[in-house]
Amino acid sequence: ALANTRLVVVLLVLISLIVLFLVTRSYHRKQLKEIEIRNRISRDLHDSVLQSLYAIGLSLETSRHISAPPRPGTDRTYANAVDQLNHLIHEVRGMIKGLTDGSVQDVNLNEELSKLAGSYEQIGGITVALGLQTAALDVLTREEEQEILNIVREALSNCVRHAQATHIDVTVRA
């Protein structure tokens, strides 16, 4: 009877180890799959989006050098377009880095929202009023700051494209 009890215990331990092994292997496979997906997206961003942005920048530079002398006021518009393009390239690089190493790009939300508002005011002929409470900004995580920035970008774009807005209020408060 004691030998049968020991055999049952040994079998239960073996079954438990096998189950643990299978669960662990399944978990590792899921992790590897996620890493493969992140790497593929990172490669796609680098090989497609980032390279296209570089090509646009080169086209801007080329057209600037071969076209007729710029008309008054177009220098600032051109400089704004180049600044926005360079900022976008920097953001895409940050996204690629985040995908490959799992980090979230560090964002100064106040500064980024101010730049974004300025860009829309310069090219869109609208006014953007920012109401940013320091107490609300101080408690945000990096992930939350990035999400808020993305949401505001989309909202501003929608306001300009679909509502033909002339004034936009953006408020972040606790």
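Just so you know, the residues in each chain are numbered from 1, in the order the chain's sequence is written. It should be noted that, the model being predicted, local features are given only for residues of pLDDT at least 70 and side-chain atom pairs only at 80 or more, the latter also being counted only at that level, while totals for whole chains, interfaces and linings use all residues. Hydrogens and waters are ignored; side-chain quantities use all the structure's heavy atoms.

**A word on the overall build of the protein chain**
Part 1 of the argument: Secondary structure counts use DSSP, requiring at least four H or I residues in a row for a helix and at least two E residues in a row for a strand, with both numbered from the N terminus. Each helix and strand in the protein chain was counted, giving five helices and two strands.
Part 2 of the argument: Helices and strands in the protein chain line up, N terminus first, as α-α-α-β-α-α-β.
Part 3 of the argument: Each radius of gyration is computed over the set of C-alpha atoms, and the globule rule expresses the reference value as 2.2 Å times the number of residues to the power 0.38. The C-alpha radius of gyration computed for the protein chain amounts to 26 Å, which surpasses the reference 16 Å derived for 174 residues by more than 25%, pointing to a less compact arrangement than a globule.
Part 4 of the argument: With the C-alpha coordinates aligned to their principal axes, the bounding extent of the protein chain is approximately 100 × 45 × 25 Å.
Part 5 of the argument: By definition in these notes, contact holds between two residues if any of their heavy atoms fall within 4.5 Å. In the protein chain, the share of contacts with a sequence separation of at least 24, taken over all contacts with a separation of at least 6, comes to 73%.
Part 6 of the argument: Shrake-Rupley sampling with a 1.4 Å probe provides the accessible areas, and residues are treated as covered by the protein chains on show and by no other component. For the protein chain, the accessible surface area stands at approximately 12,300 Å², while carbon and sulfur atoms represent 61% of it.

**With respect to a nonpolar patch on the surface**
Part 1 of the argument: Like-charged residues within 9 Å of one another, or nonpolar side chains (Val, Leu, Ile, Met, Phe, Trp, Tyr) within 5 Å, are grouped into patches, provided each residue has over 30% relative accessible area and no salt bridge. Salt bridge, as used here: a side-chain nitrogen of Lys or Arg that lies within 4 Å of a carboxyl oxygen of Asp or Glu. On the surface, Leu 7, Val 9, Val 10, Leu 11, Val 13, Leu 14, Ile 15, Leu 17, Val 19, Leu 20 and Val 23 cluster together to form a nonpolar patch covering roughly 980 Å² of accessible area.
Part 2 of the argument: Here Val 10 shows up in helix H1 (residues 2-66).
Part 3 of the argument: For Val 10, a relative accessible area of 46% gives the class partly exposed. For every residue, the accessible area obtained with a 1.4 Å probe (protein chains only) is divided by the maximum for its type, and the residue is called buried under 20%, exposed over 50%, and partly exposed between those limits.

**Observations regarding helix H5 (residues 142-162)**
Part 1 of the argument: Multiplying 1.5 Å by the residue count of a helix minus one yields the expected span of that helix. With 21 residues, H5 extends 30 Å from end C-alpha to end C-alpha; this agrees with the ideal 30 Å at 1.5 Å per step.
Part 2 of the argument: Burial in H5 covers these residues: Glu 145, Gln 146, Leu 149, Val 152, Leu 156 and Ser 157. Relative to the axis of H5, the buried residues are bounded by an arc of 130° and lie together on one face. Exposed residues pointing more than 90 degrees away from the buried face of H5 are listed as Ile 151 and His 162.
Part 3 of the argument: Positive phi appears at Gln 164, one or two residues downstream of H5, with a value of about 50°. The arc in question is the one spanned by the directions pointing from the helix axis to the C-beta atoms.

**A word on the nonpolar core**
Part 1 of the argument: Residues belong to a common nonpolar core when they are buried Ala, Val, Leu, Ile, Met, Phe, Trp, Tyr or Cys residues joined through side-chain atoms within 4.5 Å. Core analysis: the biggest nonpolar cluster contains 17 residues, and Val 128 and Leu 156 have the highest contact counts within it.
Part 2 of the argument: The element contributing the most residues to this core is helix H3 (residues 109-124), with five residues.
Part 3 of the argument: Residues contacting Leu 156, with those up to four places away along its chain left out, are Leu 116, Tyr 120, Val 128, Ile 168 and Val 170.

**Overview of H1**
Part 1 of the argument: Taking 1.5 Å of rise per residue, the 65 residues of H1 would be expected to cover 96 Å, and the 94 Å separating its terminal C-alpha atoms lies within 8% of that figure.
Part 2 of the argument: The sharpest bend along H1 reaches about 30° and sits at Leu 45.
Part 3 of the argument: Three or more residues of H1 are buried, namely Ser 42, Leu 45, Leu 50, Leu 53 and Gly 57. Across the chain, bend at a residue is computed as the angle between axes fitted to the seven residues ending at that point and the seven starting from it.

**Side note on the side chain of Gln 146**
Part 1 of the argument: Residue position: Gln 146 is located in helix H5.
Part 2 of the argument: Exposure remark for Gln 146: the relative accessible area of 14% places this residue in the buried category.
Part 3 of the argument: If sequence neighbours within four positions are ignored, Gln 146 has contacts with Gln 105, Val 107 and Arg 153.

**Observations regarding the pattern of salt bridges**
Opposite charge on two side chains lets them pair, provided their charged atoms get close.
Part 1 of the argument: Across all of its chains, the model carries six salt bridges by this definition.
Part 2 of the argument: Note that Arg 38 and Glu 34 form a salt bridge whose closest N and O atoms lie 3.9 Å from each other. With Arg 38 and Glu 34 both in helix H1 and four residues apart, the pair spans about one turn of that helix.
Part 3 of the argument: Ionic pairing is found between Glu 112 and Lys 115, a salt bridge with its closest N-O pair at 3.8 Å. Taken together, the residues Glu 112 and Lys 115, both in helix H3 and three residues apart, mark about one turn of the helix.
Part 4 of the argument: With a relative accessible area of 42%, Lys 115 lands in the partly exposed category.

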